[in-house]
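One-letter residues, chain by chain:
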Amino acid sequence: MLRAAGVGAGDEVIVPAFGNVEVAEAVTLAGAIPVFADIDPATYCLDALAVEDVVTPRTAAVVVVHRFGRPAAITRLHGIGQQHGLLVLEHGESDAPYDEMAQRRARAAYLDARLSGVRTPDGADGHTYQQYVVRVPGNGRPDRDAFARAVRAKGIDCRVPVKTPVHRMPGFRRDVCLPETERASDETLALPVDASLTKRDMQRLVSACNALGGLLQPAF
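Residues numbered from 1 in each chain as written. Predicted model: local features only at pLDDT ≥ 70, side-chain atom pairs only at ≥ 80, totals over all residues. Heavy atoms only, no water.

Draft legend 1. Focus on the nonpolar core. Counting 25 residues, the largest nonpolar core has Leu111, Leu115, Tyr132, Phe147, Leu189 and Leu191 as the members making the most contacts within it. Of all the secondary-structure elements, those providing two or more residues to this core are α4 (98-114), β5 (132-135), α5 (141-153), β6 (188-191) and α7 (199-213). The element that contributes the greatest number of residues to this core is α7, accounting for six residues. (Core = buried A, V, L, I, M, F, W, Y, C linked by side-chain atoms within 4.5 Å. Buried < 20%, exposed > 50% of the residue type's maximum accessible area, 1.4 Å probe, protein only. Helix = DSSP H or I, 4+ residues; strand = E, 2+ residues; numbered from the N terminus.)

Draft legend 2. A look at empty space enclosed by the protein. Overall, the coordinates contain one cavity of 30 Å³ or more when judged by the stated rule. Here the largest cavity defines a volume of roughly 40 Å³. Partitioned by chemical class, the residues of the lining of the largest cavity number five nonpolar, three polar and two charged. (1 Å grid on protein atoms, 1.4 Å probe; cavity = no way out; pocket = protein on both sides within 12 Å on 5 of 7 lines; lining within 4 Å. Points joined across faces, edges and corners; volume = space filled by probe spheres on them. Nonpolar A, V, L, I, M, F, W, Y, C, P; charged D, E, K, R; others polar.)

Draft legend 3. Structural context of the layout of surface pockets. The calculated volume of the largest pocket comes to roughly 270 Å³. If you go around the largest pocket, you meet 18 residues; those closest to its centre are Gly19, Asn20, Arg67, Phe68 and Gln131. Broken down by class, the residue content of the lining of the largest pocket amounts to six nonpolar, seven polar and five charged.

Draft legend 4. Layout of the pattern of salt bridges. One pass over the structure, following the stated rule, counts nine salt bridges. In this structure, Arg104 engages Glu100 in a salt bridge whose closest nitrogen and oxygen atoms are separated by 3.3 Å. Linking Arg104 with Glu100, this pair stays in helix α4, spanning four residues, or about one helical turn. The exposure class of Glu100 is partly exposed, given its relative accessible area of 28%. For Arg183, the salt bridge is made with Glu180, and the minimal N-O distance between the two is 3.1 Å. Of this pair, Arg183 and Glu180 both sit in helix α6 (residues 179-187), three residues apart, which is roughly one turn of the helix. (Salt bridge = Lys/Arg side-chain N within 4 Å of Asp/Glu carboxyl O.)

Draft legend 5. Main features of unusual backbone geometry. Residues other than glycine seldom take positive phi values, yet Phe68 does so here, at roughly 65°. With respect to the secondary-structure elements, Phe68 resides in the loop between β3 (59-65) and α3 (74-84). For Phe68, a relative accessible area of 4% puts it in the buried group. With a phi close to 55°, Tyr129 is a non-glycine residue in the positive phi region. Relative to the elements of secondary structure, Tyr129 occurs in the loop between α4 and β5.

Rendered as structure tokens:
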């Protein structure tokens, strides 16, 4: 899509650093330069003000990635694109069947109402909960990682959604200030909300997380 739009050598393309490296790789394959902007802490998608801050005369496009089933503020980002004459591309996630999406939302609502000791996701309209991503309060990576190990030891499947932001990876390393990206990489943990989970599974998940979360000092 970038090549088809004429984006190439010497152009800059604004992308998120929180997420998979494939988007930045696609920019370099087109011959352009990826420029990283910070994310909104609620959506984990590009923050519109952060995007505007890194626009330069060389900026040709913005790639907006919808994250975890939570859509980005696409209207605002398109507005910035129109203001600066930029191409705005959206990179979405595969849609789940309606029944599965409804079950994920029901499980997310169950967790929202019962979890303590972790910060539950912002359940704005349109959230499909491709992943149910919480934040583990504390002072950075050791707390979240210790929490994850303890939850797994109780038989609960969980995973760190983004272990290393792209601007810290070899080949894309940049000396940029992305505080929300760094914080999200240190604090986020994806808990299961699969349609296959039973009510008993959900009760075990809540019990395990709440028993551990009470040991942590909130940093909200």
